[in-house]
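Coordinate analysis (summary)
The chain contents come next:
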Amino acid sequence: MATMRGSARLFRTVRPAFSQGQRRLASTGSGAGAKSWRPLVLGAMTAGVGAFGAYKYVWDDRKDMIKDLQSLAPQPVHAANAPEAQPSVWSGGKNNALYLWIHLKPTANTKEVAKVAAKLQKFVDQVVDPKMKDEDDEVLAGVGFGPNFYKQTGGSVKQDYTFAHRKGSLGDMPSSGGDVFFHAKCNTQSKLFELAQLLMKNMPAGSVDQAEDIYSFVFKNGRDMSGFIDGTENPADDESRQAVAVEPSTGGSYVITQKWIHDFKVIDSEKEKTTEAWVGRTRADSMELSRKSITSHVARMTGGNAYNQKKKFEMVRQSMPFGTVTGEAGLFFIGYCASPDNLNFMVDRMVGAGGDGHSDDIMRLTRNSKGTYWYFPGAAELQKLSN
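Our subject in this report is the structure included herewith. Remember, predicted model here, so these are calculated numbers, not experimental data.

1. Notes on the packing of aromatic side chains
- Counted under the stated rule, the structure contains 16 aromatic pairs.
- Geometrically, the ring pair formed by tyrosine 336 and phenylalanine 376 is edge-to-face, given 5.3 Å between the ring centres and 80° between the ring planes. Residue tyrosine 336 is found in strand 10 (residues 329-337), and its partner phenylalanine 376 is found in strand 11 (residues 366-376); the two are separated by 40 residues along the sequence.
- Among the residues examined, phenylalanine 376 registers a relative accessible area of 0% and is labelled buried.
- Of the aromatic side chains, those joined through ring pairs into one cluster are Phe145, Phe149, Tyr150, Tyr161, Tyr254 and Tyr375.
- Over the ring of phenylalanine 163 we find arginine 166; its NZ or CZ atom is 5.2 Å from the centre of that ring.
- Taking the ring centre of tryptophan 101 as reference, the NZ or CZ of lysine 370 above it sits at 4.1 Å.

2. Quick word on the environment of glycine 355
- Of note, glycine 355 is situated in the loop between helix 11 (340-351) and strand 11.
- Along the backbone, glycine 355 and phenylalanine 345 are 10 residues apart, and their C-alpha atoms lie at a distance of 9.9 Å.

3. Side note on the side chain of asparagine 96
- Topologically, asparagine 96 is positioned in strand 1 (residues 96-104).
- The residues contacting asparagine 96, other than those within four sequence positions of it, are Ala184, Lys185, Cys186, Asn187, Thr188, Gln189, Leu192, Ser216, Phe217 and Met320.

4. Re the packing of helix 4 (residues 120-127) against helix 6 (residues 189-202)
- Contact geometry of helix 4 with helix 6 gives a least axis separation of 9 Å together with a crossing angle of 135°. When the axes of helix 4 and helix 6 are compared, the pair comes out oblique. Taken as a pair, helix 4 and helix 6 cross one another with a handedness that is right-handed. Contacts between helix 4 and helix 6 involve Leu120, Phe123, Val124, Gln126 and Val127 from the first element and Lys191, Glu194, Leu195, Leu198, Leu199 and Asn202 from the second.
- In terms of residue class, the contact of helix 4 with helix 6 is made up of seven nonpolar, two polar and two charged.

5. Describing unusual backbone geometry
- Unlike most non-glycine residues, serine 286 shows phi in positive territory, near 60°.
- By secondary structure assignment, the location of serine 286 is in the loop between helix 9 (272-279) and helix 10 (297-302).
- Take serine 286: its relative accessible area is 5%, and that puts it in the buried class.

Reading guide: rules and limits
Residues numbered from 1 in each chain as written. Predicted model: local features only at pLDDT ≥ 70, side-chain atom pairs only at ≥ 80, totals over all residues. Heavy atoms only, no water. Phe/Tyr/Trp six-rings, centres within 6.5 Å; stacked < 30°, edge-to-face > 60°. Helix = DSSP H or I, 4+ residues; strand = E, 2+ residues; numbered from the N terminus. Buried < 20%, exposed > 50% of the residue type's maximum accessible area, 1.4 Å probe, protein only. Lys NZ or Arg CZ within 6 Å of the ring centre and 35° of its normal. Contact = heavy atoms within 4.5 Å. Axes fitted to C-alpha atoms, helices over the stretch in contact; angles between N-to-C directions. Parallel < 35°, antiparallel > 145°, perpendicular 65-115°, else oblique. Left-handed = near helix turned anticlockwise from the far one by under 90°. Nonpolar A, V, L, I, M, F, W, Y, C, P; charged D, E, K, R; others polar.

Given below as structure tokens:
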């Protein structure tokens, strides 16, 4: 049955290339992640369609077949002069990711910091020679800014993306703030470490108050550390991912980041039926429960507990597990959207804000320790900050 489900997913992924001719066949600009074109499934805590987290499923034995099929597809036609997003926004997943969260000192020169951030691709090219890179060591990276910082640099946005502190019966959603955030993906973790070193070394002297670099990884071929499969319904094809993640007029993206610390005592001790009820899906194969509580994660995120409830909002989730055995471990959640409305709906639903007052049962398994929103400017907007 698992093989049949995988084949079905593969068919759904390849079929649009024939029927619409809209599939990207090679990476260009922000679409660098599409080069390898390996099917992925990404998921997330606040997306609420699987369990939580974001990962890729790599079918190496089918890769050649996919490439052969794609070679037969018509060339896509793209809108002229459409604003380009940064490479991290809607591109595919990698085996590892870097999340570099930076708070600046009040005395920091924001425009000088912005100039460093705008040179992100140059730092990436120092880590991996663009003429020599391949699928294993290429780095896909993007940078986002907190609302206060971006305003100080002279940047402007079309929508307010302030993140408010939220409190529910099962825990808080803290508003941790931040000024600059880097997200990078690579199959080689050491390359991400090199990139983080370069970024921190090139920050203007005395500008950084505190920073945290987190490195994530694929766990058990795409499972969250809770054991659930993640990302059952994340947008799969390039056009859908762009439509969900990218603001059409700017190429920018509104992004949520949250650090979740799992309670492994609960995860290990609770009966499987209980945790499945909390999530709203089976643990073994991520099948949605036909009957589920309004407090289940699936119900909270889709807006109702009906089977196959139509989703009101979507996001491109790129979350992954992180941590150590001797310290904290859990999920680093990151989701990209064309509007912060998507983010607010899902986060509010987790704590029962602005609605029925119910909290998300997934918070019985994990605790949110920090979180905020960022704006990842379009490529052209980012370039302006380098001047």
